[in-house]
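The primary structure of each chain is shown beneath.
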Amino acid sequence: MAIRVFLVAALATVVVPSTHAEPLLCCGWDTVFLVEPSAAPQGQIEKLWTWDARQCTEIPENVRPTFRTTDDCKPVDGGSRILISSSSGGCALVERPSGRVLWHAVVPNAHSLELLPRNRVVVASSVNAQGNRLVLFDLSRPDQPVWDVPLISAHGVVWDEGRQCLWALGLNELRRYKLKDWESDTPSLEMEATCALPDEGGHDLQPIPASSDLVVTTGSHVYLFDRDKRTFRLHPELGDKAAVKCVSVHPVTGRTVFVQATESWWSDMLGFLTPAERLQLPGERLYKARWFVHNSSKATGQKSGRTLRYWSHEMYHARPGRGTGMAEADGRQVPGGAPG
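Reading guide: rules and limits
Residues numbered from 1 in each chain as written. Predicted model: local features only at pLDDT ≥ 70, side-chain atom pairs only at ≥ 80, totals over all residues. Heavy atoms only, no water. Pairing = 2+ DSSP bridges. Helix = DSSP H or I, 4+ residues; strand = E, 2+ residues; numbered from the N terminus. Axes fitted to C-alpha atoms, helices over the stretch in contact; angles between N-to-C directions. Core = buried A, V, L, I, M, F, W, Y, C linked by side-chain atoms within 4.5 Å. Buried < 20%, exposed > 50% of the residue type's maximum accessible area, 1.4 Å probe, protein only. Contact = heavy atoms within 4.5 Å. Phe/Tyr/Trp six-rings, centres within 6.5 Å; stacked < 30°, edge-to-face > 60°. Lys NZ or Arg CZ within 6 Å of the ring centre and 35° of its normal. Polar contact = N/O pair within 3.5 Å; in protein donor to acceptor, adjacent residues only side chain to side chain.

(A) The arrangement of the sheet that holds strand E23 (residues 269–273) in detail. Ordered in space as E21-E22-E23-E24, the 4 strands form an open sheet in which the pairing is antiparallel. The open sheet has two edge strands, strand E21 (244–249) and strand E24 (277–280), and neither has a second partner. Strand-to-strand, the axes of this sheet are offset by a mean angle of 20°, without reference to chain direction. Relative to strand E22 (residues 256–260), E21 runs antiparallel, the two sharing 5 bridges. Within the sheet, the bridge partner assigned to Val-249 lies in E22 and is Thr-256.

Here's what the structure looks like:
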């Protein structure tokens, strides 16, 4: 049942999106929910769908509290399934709209997760005595890790279908892995290369659609990482913003949504680019927001006459003194360092 959240009078002082946008999947507290930003001008936001682990019988009762602080929510398979992680340890693959849990696990301080080929999933386990690693699972075996590898303050994971590799973000490095023994019952990941971050505190990792770029946020900045040239450059609009918890670019319109913490680790505000606007959700503790793209949406680069806007390497030069290239696992340095 749709839940209506009426915005308080203070919202009148906040610029809100005036153009139609796809729904947004949001998380940060004990629920994951879907909202339609275009409803804001009418003075209300409608929660189109909500998931709450406390109502899920597929999850053992003693495990449900591990979802009390959700920190990632990724739509997959055209939005028919959603990957959810929580810093309290809970991880799940959820069917939508039923909310039925298809797979679950507990991983210390889980901060993100990603589907991999052959029904496997990798989880980024952040700072914890039993964490600081990537943990691999098979969806047929709930809560049974099949492999893991250390990665300090693991925060982000992205499967790169075109390059057939996994990108993984840690405290001070971005790694590239290839699949190993993937057809066997003992799969693993083999590190191919690593690249030092321009500054510490790797946080969010997301691909820019129809581009070679990944968005990489750290404690102090937001970068674009060119996967082909293997260099970092500051994001042209968000570059010097600190404490950005997430960045998501819509694959059809090219519009960007981001969350910048204003209260400790969270905010009740969504930021937008192209055009630059803000949307407040009073009472919410937002950590991540991801565009929810329906099956019918096509990443054609255009919608209603609008052209996708991305930031190419030529449009914005690499930051001087940053990005010395990606080191291969055998110690070789890959050409393509930033201009001095």
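(B) How the structure looks around the nonpolar core. Val-32, Trp-49, Trp-51 and Ile-59 are the most contacted members of the largest nonpolar core, which has 18 residues in total. Elements with a contribution of two residues or more to this core: strand E2 (24–27), strand E3 (31–35), strand E4 (44–52), strand E6 (81–86) and strand E7 (90–95). Those residues in contact with Ile-59, other than ones at most four positions away along the chain, are Trp-51, Ala-53, Arg-64, Phe-67 and Val-101.

(C) Here's a closer look at the packing of aromatic side chains. Summed over the entire model, instances satisfying the criterion amount to 9 aromatic pairs. Ring geometry for Trp-103 versus Phe-137: centroids 5.4 Å apart, planes at 65°, classification edge-to-face. One end of the pair, Trp-103, is in strand E8 (residues 101–106); the other, Phe-137, is in strand E11 (residues 133–138), with 34 residues separating them in the sequence. On the basis of relative accessibility, which here comes to 1%, the residue Trp-103 falls in the buried class. When the centroid spacing of 5.9 Å and the interplanar angle of 70° are considered together, the rings of Trp-265 and Tyr-287 count as edge-to-face. With Trp-265 in the loop between E22 and E23 and Tyr-287 in the loop between E24 and strand E25 (288–291), this residue pair connects regions lying 22 residues apart in the sequence. Among the aromatic residues, those joined into a ring-pair cluster are Trp-29, Trp-265, Trp-266 and Tyr-287. Between Arg-285 and the ring centre of Trp-29, over which it is positioned, the NZ or CZ distance is 4.6 Å.

(D) Quick look at the side chain of Gln-280. Mapped onto the fold, Gln-280 is located in strand E24. Within the structure, Gln-280 has its side chain in polar contact with the side chain of Asp-268 (distance 3.0 Å).

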